[in-house]
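# Secondary and tertiary structure notes
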Amino acid sequence: MPVYKLDNTKYPKNMEYTLSIIKPDGIRRNLSGKILAMIQDAGLEIVAQKLIHLTRAQAEKFYAVHAERPFFNDLCSFMASGPVSVQVLKSNNAVSKYRELMGATNPKESSEGTIRKAYGLSIDENTVHGSDSVENAKIEIALLFSSLELFA
Ligand code: CMP
């Protein structure tokens, strides 16, 4: 488990990590370069990154928190439909900073300047995922990265 490397006591107050996914619609449309530039321009440091193709079972495990929601099946099918690019981002207040940069879950409701406003297709194909809390970030990072892959 890489969690020991994410011990916030080693870093300045508010230094955080968050898990980012460029979803299959973003990879299919060759948007990862543009999205990574937006991430870096916002002051989020990429401390781990890889391209993976989730199995249906891995997608279900990742989104287990949504298992009872009506969109769960479609969400897992979509996330397993093609490769995704996953990153660990580091910054002061990384969780809220990245959520602000992503914009609202539904691209139709997202603000100008956000990733989902620029590239999101629909609430299902909304191009990026970001952890919604520091606690969930630790869980999501541990699910997708080993300690050897983190340059935190
Ligand atoms: P994400 O941030 O990856 O977290 C769960 C995903 O479920 C979300 O982005 C959306 O792409 C998808 N989703 C589909 N329908 C809904 C909905 N009604 N509310 C929230 N998320 C939804």
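Cut-offs and rules
Residues numbered from 1 in each chain as written. Predicted model: local features only at pLDDT ≥ 70, side-chain atom pairs only at ≥ 80, totals over all residues. Heavy atoms only, no water. Salt bridge = Lys/Arg side-chain N within 4 Å of Asp/Glu carboxyl O. Helix = DSSP H or I, 4+ residues; strand = E, 2+ residues; numbered from the N terminus. Buried < 20%, exposed > 50% of the residue type's maximum accessible area, 1.4 Å probe, protein only.

## Quick word on the pattern of salt bridges
- Throughout the structure, instances matching the rule amount to four salt bridges.
- Lysine 50 serves as the salt-bridge partner of glutamate 149, at 2.9 Å between the closest nitrogen and oxygen. In this pair, glutamate 149 sits in the segment after helix H7 (134–144) while lysine 50 sits in strand E2 (residues 45–52), placing the two residues 99 residues apart along the sequence.
- With relative accessibility at 28%, the residue glutamate 149 sits in the partly exposed group.
- Among the salt bridges present, the one from glutamate 60 reaches arginine 56, with a minimum N-O distance of 2.8 Å. Of the two residues, glutamate 60 and arginine 56 both sit in helix H3 (residues 56–62), four residues apart, roughly one turn of that helix.
- Arginine 56 sits in the partly exposed class, given a relative accessible area of 29%.

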